[in-house]
Amino acid sequence: MAAAAGVAAALAVAVPAASASAGYDALPAFPGAEGFGYAATGGRGGEVYHVTSKELTGPGTFHDALTTAGDMPRTIVFEIAGDVTIPQIVARDKHGITIAGQTAPGDGVTIRGNTVRFVESSDIVIRNMRFRLGSASTDDAMYIEDSQDVIVDHSSFSWAGDEVLSIKSKDYDDPRSKNITVQWSIMSEGRLTHSMGGLVEMNTISMHHNLYAHNNDRNPKTKGVMDFVNNVVYNWGDFPYVAGGESGTKGYGNVVGNYFVAGVNSANPTAAVVRGNENYQVFLDDNRIDSNRDGVLNGRDTGSGMIEAARPAVRVPERFEYPPVHTQSPRRALDLTLDHAGASVARDAVDARVVDEVRHQTGAIIGDESDVGGYPELDEGTPATDADRDGMADDWELARGLDPTDPEDRNGDDDGDRYTNLEEYLNELAAPGFPKGYPLTPVPWSGDAFEPPAPEAPEAAPTAPMEGDAIRSAVVTDSSSNGAANAALWSIEQDLRVGDFVAGDRTTGSKAYRFTAVPPEIQGLEWVRSAVESRAATNDDLLSFYLPVDADVWVAHDTRVSPRPAWLTDGYEATDLTVADDHGGSWNLFKARFPAGSHVVTGANAGGTVLNYFVAVDPVPGGAEPVATAPGEVRAEPSGPSGDPAVELSWTGSAGATGYLVARTSSSEPGTRVVGTSAGTTFRDAGVEAGVPYRYQVTAVGPGGASDASAEVRALVTSGSTTAPAPGDLAVAAERSYSVDLAWSDVEGATAYGVYRAPAGGALELLDHVAGPGYTDDTAEPSTSYRYAVTTVSPGGESEPSADVAATTSGPLDPVVAPGQVRATEVSAAAFTLDWAPVPGAETYQVYRRDGGGAFARVGTTTAPGYTDDTISASVASYDYAVTAVNELGESGRSESLTVPLPVPAPPTDLRVGLQGSTSTGLVWTSGGGATEYRVLRSAAGGEPQEVGVAKVHTTYDRGLEPGTAYTYRVVAVNAAGTSEPSAPLLARTLPGSS
């Protein structure tokens, strides 16, 4: 199917990846089951559990029905109706469960008071249930994680303090939630201040004929594979369908035949698919959006216009091939969904009201269920007689020739359609929930189902070790999913003090963690600042480093972690010393002494939700002097068979040395790293590869410290195979004053290249070995002619030099000076634009920024004398900026710093009433941007305005009012710079009588 025409120029267009064979050939969970989760087996063929009690726990309770399910599939039926209050239910590792809400008598059952969580479960069928959490809890109404083959049908979810309904895979790199459908259901009225429809992330999921209503955000928020068809989204606050958000995780969504209807809370009424990014691909077709809030459902297909322009998803021209669902026009689907979604076999007053509000574009986001009347009274009815407790009513069994005294006939299949007799009964009870004439068999389909392309696992590129004085060749190996990014935020710091940042990933805004208490024993030490997120690593070598001197190693470990990891308790002595920070964190200090030359290795934090540890090193030379003489006569000889290469090193010893550190540099590794220690004057490096050039240095260590490094020696291990030829197309890519760029094509079989240079008339000498084709010689002199040649290094050895090329550098340059006249030309609460006087000879400019008492950090690079910083925070009162100029000679000093104060936010506009009660008023306004919060001012009968509330979003409630009373409201926006002017006043009168 072709995408709608007129793709906006700002939107990228991508092509879906290849497909894989699939089909719709299993027995549906029930007639009318569609989409990815259509074949969930639920409790088919298993036992029956009767819910008979409204107690929290114990026999006959809903809690017991879920938590005691074992290996036998289970169908849960209800002999009770009305409100059922539960404790938190975590159904973990449950397989084969049907929750048959349609069996409840009267007006059905409503689960309230706490969350239901399915974790690592499969074959779950949930039908005709209501989950209305209520203000007693701040959790999700329902949460499904790492589960497979799940279908939620004709159910209602509301009044959650977190997400109304969330379905997630815990590990986005290895998503385990698969084959899930949510159909004909209502997700409504998430409570402020969170008010979220739900996270639906990293699944293969179908969502069709559902209603999202009165949720501020995440209607839903999606990642991974999503088929979003014939749904209705009404009165989103900030965000309707979120296409990936700020995540780099891939998403592939069909958004087809849906109806988006703005309401009183909808901040951006014209955008339906929002917060996209380059990682989220969306097929958009035949949707409607009704933006004018005129009370008439008359939406239009605005095509790409309903994708948020500022943060677009990538629109694709062809629909992703997912298990199809019966699809109607948006207008027809709107009517069908409003008539039949939710627990509609016996629709309660909550769903009836919400549906009516969609039809008339009334209602608002709520802060508490009491804003909309709370839990309605439900008719509890009379349960059907079921003498043999097989889940089927006796009169139904008799009418079909079954034996109401034989419980075993529940699992028979008298009509041969593969549904058990019990399923036939349950399906008949649920059938009125579907529209008359709606097809109850799946759309014919077989063949090619889209599967997301497997992510290319990036090769773990080695990072250069961190170097300090007492800490040598420190390496971070973080096994968590974001390990490489976490490791980049570790650093070696000097002079540990109160006020230092605690962690490399907690240095800005509200996450700027600083030490408030540091014991004298570790003050002033060299230390390793870690990253908090490395707490998720599980490997036993998270941090490793070498010691050039006898030293005490201190490990500061979060006091909340229990039990502590064995590497810490077995290898270090606990002390009574503690460290504290300004966010309530505290660490116990542990200590161990190590001799010079030790390789210190520390493992996992063992606390997944607390702060990571950090390490400090205190040299204790004990009066000994550093080793005075570097090792001499270092030799490096290739050795070993071709399949097991090694380099044998030897050297003459140094007086006073107790050991030696052997460091290696190569074309395949960044930086120089210590690869081992030796107590004698030899070392065998077995961690080498044939065809990789290596350089070695040896340092002598002793109790008092290390010597200088030895002279450098080179080694190349070969395999005896044929040597690859030299490059045939060496060329000079650029000639500057102090550098020359060389380029050549990659040679098959090359493991490295040797770059050689000669002055005019001189002999070629090796400059360096590099891993890939291309090199910048930054040791050239101005106004000088050179010859260059390149060799190819392969497992067979090093080739002869290529044909040489000539280059002549330009004349000398003057160093660039710091830019002057730095100024702010445009300032808003969202972005600052700077410019400055151009600097003669500058090639680029570096822009630095600091906030509060922090240090300057680079925030951008530009070739023009101007820069816009759109990464400012409304919680920072001002930023200082400085700019440097850069040319070949290096970077200038910084300009004089410029302080740019954050402006106060613009005042809120369009203040209006959302919901009006007799003792409460719901307020809604439009944000002018740049606020961290909003303060609500109220006055009555000509009195002075008083602050009566603070809101984080542009909706709030004022409670505890007098019935039938007029109040005047204003709202002000607040950020770190101060408070905006008040909004225009709004006069609102409470309703008479009790609410």
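Quick caveat: nothing in here was measured; it's all calculated off a predicted structure.

A few points about the overall build of the protein
Logical step 1: Within the protein, the secondary structure is distributed over 7 helices and 70 strands.
Logical step 2: In terms of its C-alpha atoms, the protein occupies a principal-axis envelope of roughly 105 × 75 × 65 Å.
Logical step 3: Per-residue burial over the protein gives 55% buried out of 995 residues.
Logical step 4: Long-range pairs, those at least 24 residues apart, make up 70% of the contacts in the protein with a sequence separation of at least 6.
Logical step 5: Of the accessible surface of the protein, which amounts to about 39300 Å², a share of 49% is contributed by carbon and sulfur atoms.
Logical step 6: Mean positive and mean negative side-chain charge positions of the protein (68 and 133 charges, respectively) differ by 5 Å.

Some thoughts on the confidence of the model for the protein
Logical step 1: For the protein, per-residue confidence averages 93 on the pLDDT scale, and 97% of positions sit at 70 or higher.
Logical step 2: Segment residues 1–22 is flagged for pLDDT under 50; beyond a separation of four residues in sequence, or across chains, it makes 61 contacts in the model.

Quick look at the pattern of salt bridges
Where side chains of opposite charge bring their charged atoms close, a pairing between them can arise.
Logical step 1: For the structure shown, the criterion picks out 50 salt bridges.
Logical step 2: The shortest N-O distance in the salt bridge between glutamate 357 and arginine 353 comes to 3.3 Å. Here arginine 353 and glutamate 357 lie together in helix α3 (residues 349–360), a separation of 4 residues that amounts to about one turn.
Logical step 3: Salt-bridge contacts for aspartate 869 lead to arginine 849; the nearest nitrogen and oxygen are separated by 2.8 Å. Of this pair, aspartate 869 sits in strand β59 (residues 866–869) while arginine 849 sits in strand β57 (residues 844–851); the two residues are 20 residues apart in sequence, bridging distant segments of the chain. Of the two residues examined, aspartate 869 and arginine 849, each falls in the buried class.
Logical step 4: What emerges from the salt-bridge pattern is a single network uniting Asp217, Glu246, Arg275, Glu308 and Arg311.

Overview of the sheet that holds strand β36 (residues 586–594)
Logical step 1: Read from one edge to the other, the open sheet built from 7 strands follows the order β30-β32-β38-β34-β36-β35-β31, with strand pairing classed as antiparallel. At either end of the open sheet lies a strand with only one pairing partner, and these are β30 (491–493) and β31 (515–517). Averaged over neighbouring strand pairs, the angle between their axes works out to 30° when direction is ignored.
Logical step 2: Across 2 bridges, β31 lies against strand β35 (residues 573–581) in antiparallel orientation. Of the residues in β35, the one forming a bridge with phenylalanine 515 is aspartate 581.

Description of the sheet that holds strand β39 (residues 632–639)
Logical step 1: Judged by pairing direction, the sheet is antiparallel, and its 3 strands sit side by side in the order β39-β40-β43 without closing on themselves. In the strand order of this sheet, the two ends are held by β39 and β43 (682–685), each with one partner. Here the strands of the sheet are splayed against their neighbours by 15° on average, with no regard to which way each runs.
Logical step 2: Across 6 bridges, the pairing between β39 and strand β40 (residues 646–652) is antiparallel. From the neighbouring strand, glutamate 637 faces β40, where its bridge partner is glutamate 648.

A word on the pairing of strand β67 (residues 955–959)
Logical step 1: Most of β67 is tucked away: 4 of the 5 residues are buried.
Logical step 2: Across 5 bridges, the pairing between strand β64 (residues 920–926) and β67 is antiparallel. Residue pairing across strands places serine 920 opposite arginine 959, the latter belonging to β67.

Digging into empty space enclosed by the protein
Logical step 1: Counted under the stated rule, the structure contains 5 cavities of 30 Å³ or more.
Logical step 2: There is about 120 Å³ of room inside the largest cavity.
Logical step 3: Ala29, Thr98, Val125, Glu423 and Leu426 are, among the 17 residues lining the largest cavity, the residues nearest its centre.
Logical step 4: Counting residues per element, the ones that place at least two in the lining of the largest cavity are β6 (95–100), β9 (122–127) and α5 (421–430).
Logical step 5: Taken together, the residues of the lining of the largest cavity break down into 7 nonpolar, 7 polar and 3 charged.

Things to note about the nonpolar core
Logical step 1: Counting residues in each nonpolar core, the largest one holds 60 residues, and the members touching the most others are Phe62, Ile99, Phe118 and Phe131.
Logical step 2: Apart from residues no more than four positions distant in its own chain, phenylalanine 118 is found in contact with Leu66, Ala91, Ile99, Ile124, Ile126, Met142, Tyr143, Ile144, Glu145 and Ser147.
Logical step 3: Residues Ala474, Leu547, Val555 and Ala592 belong to the second largest nonpolar core, which totals 27 residues.

What to know about the packing of aromatic side chains
Logical step 1: Applying the stated criterion across every chain, the model contains 34 aromatic pairs.
Logical step 2: Plain terms: the ring middles of phenylalanine 36 and tyrosine 322 are 5.4 Å apart, the flat faces sit at 50° to each other, and that makes the pair tilted. Here the residue phenylalanine 36 occupies a position in the loop between β1 (19–23) and β2 (47–51), and tyrosine 322 occupies one in the loop between β27 (314–315) and α2 (330–340), the gap between them amounting to 286 residues.
Logical step 3: By relative accessible area, which is 13% here, phenylalanine 36 ends up buried.
Logical step 4: Here a set of aromatic residues connected by ring pairs shows up, and it is made of Phe36, Tyr252, Phe320, Tyr322 and Phe450.
Logical step 5: Above the ring of tyrosine 513, the side-chain terminus of arginine 506 is found at 6.0 Å from the ring centroid.

Description of the pairing of strand β19 (residues 221–229)
Logical step 1: Taking burial as the measure, the 9 residues of β19 include 9 buried ones, the bulk of the element.
Logical step 2: Here β19 pairs with strand β21 (residues 241–243) via 2 bridges, running parallel. By the bridge assignment, lysine 221 is partnered in β21 with valine 242.
Logical step 3: Relative to strand β22 (residues 251–256), β19 runs parallel, the two being bridged by 6 bridges. Bridge pairing links phenylalanine 228 to valine 255 in β22.

So, the environment of valine 264
Logical step 1: Within the fold, valine 264 resides in the loop between β23 (259–261) and β24 (273–274).
Logical step 2: Overall, the relative accessible area of 18% leaves valine 264 in the buried class.
Logical step 3: Note: C-alpha distance between valine 264 and serine 918 (654 residues apart in sequence) is 20 Å.
Logical step 4: Those residues in contact with valine 264 that lie beyond four places of it in its chain are Asn235, Arg293, Gly363, Ala364, Arg912, Val913, Gly914 and Val924.

Section: the environment of glutamine 846
Logical step 1: Relative to the elements of secondary structure, glutamine 846 occurs in strand β57.
Logical step 2: Given the relative accessible area of 10%, glutamine 846 is considered buried.
Logical step 3: Remark: the alpha-carbon pair of glutamine 846 and glutamate 891, spanning 45 residues in sequence, is separated by 8.6 Å.
Logical step 4: Every residue in contact with glutamine 846, bar those within four places of it in the chain, is listed here: Arg858, Gly860, Thr861, Ala882, Val883, Thr884, Val886 and Glu891.
Logical step 5: A distance of 2.6 Å separates a polar atom in the side chain of glutamine 846 from a polar atom in the side chain of threonine 861.

A word on the side chain of asparagine 231
Logical step 1: Residue position: asparagine 231 is located in the loop between β19 and β20 (232–234).
Logical step 2: Relative accessible area serves as the criterion here: at 1%, asparagine 231 is assigned to the buried category.
Logical step 3: There is a polar contact of 3.4 Å between the side chain of asparagine 231 and the backbone nitrogen of histidine 209.
Logical step 4: In this structure asparagine 231 touches Met207, His208, His209, Asn210, Gly257, Asn258 and Tyr259, once residues within four positions along its chain are discounted.

Structural notes on the side chain of glutamate 308
Logical step 1: Structurally, glutamate 308 can be placed in the loop between β26 (288–290) and β27.
Logical step 2: Discounting chain neighbours no more than four positions away, the residues touching glutamate 308 are Ala271, Val273, Val274 and Arg275.

The rules behind these values
- Along each chain, residues carry numbers from 1 onward, in the same order as the chain's sequence is written.
- In keeping with the model being predicted, local features are shown solely for residues with a pLDDT of at least 70 and side-chain atom pairs are shown and tallied solely at 80 or more, while totals for entire chains, interfaces and linings include all residues.
- Neither water nor hydrogens contribute to the side-chain values; these are computed over all heavy atoms in the structure.
- The way it works is that DSSP assigns letters per residue, a run of H or I at least four long becomes a helix, a run of E at least two long becomes a strand, and they are numbered from the N terminus.
- Accessible area is worked out with a 1.4 Å probe on protein chains only. A residue is then buried under 20% of its type maximum, exposed over 50%, and partly exposed in between.
- Note on contacts: a residue pair is in contact if any heavy atoms of the two residues lie within 4.5 Å.
- Using the Shrake-Rupley algorithm and a 1.4 Å probe, accessible areas are obtained, with residue cover drawn only from the displayed protein chains.
- In summary, the charge assignment counts Lys and Arg as positive and Asp and Glu as negative, without counting His or the chain termini.
- By convention, the point assigned to a charge is CZ for Arg, NZ for Lys, CD for Glu and CG for Asp.
- You can read pLDDT as the predictor saying how much it trusts each residue, on a scale of 0 to 100.
- Salt bridges are identified by distance alone: a Lys or Arg side-chain nitrogen within 4 Å of an Asp or Glu carboxyl oxygen.
- DSSP calls a pair of strands paired once it identifies at least 2 bridges connecting them.
- Angular values range over 0 to 180 degrees, each being the angle between N-to-C directions of two axes fitted as lines to C-alpha atoms, with helices fitted over their stretch in contact.
- A cavity, in this analysis, means grid points on a 1 Å lattice covering only the protein atoms where a 1.4 Å probe fits yet has no way out; a pocket is instead an open set bounded by protein on both sides within 12 Å along at least five of seven lines, and a residue lines either one if it has an atom within 4 Å of a point.
- Grid points are joined across faces, edges and corners, and a volume is the space filled by probe spheres set on the points.
- Gly counts as polar in this scheme, as do all residues outside two lists: the nonpolar Ala, Val, Leu, Ile, Met, Phe, Trp, Tyr, Cys and Pro, and the charged Asp, Glu, Lys and Arg.
- In these notes, a set of buried Ala, Val, Leu, Ile, Met, Phe, Trp, Tyr and Cys residues joined through side-chain atoms within 4.5 Å is what counts as a nonpolar core.
- Each aromatic pair joins two rings of Phe, Tyr and Trp (for Trp, the six-membered one) with centres within 6.5 Å, and gets the label stacked for planes under 30 degrees apart, edge-to-face for over 60, and tilted for any other angle.
- Note on criteria: charge over ring means Lys NZ or Arg CZ within 6 Å of the ring centre, with the direction from the centre no more than 35 degrees off the ring normal.
- Counting of polar contacts relies on pairs of N or O atoms within 3.5 Å, with two restrictions inside protein: one atom must be capable of donating a hydrogen and the other of accepting it, and residues adjacent in sequence are counted only when both atoms are side-chain atoms.

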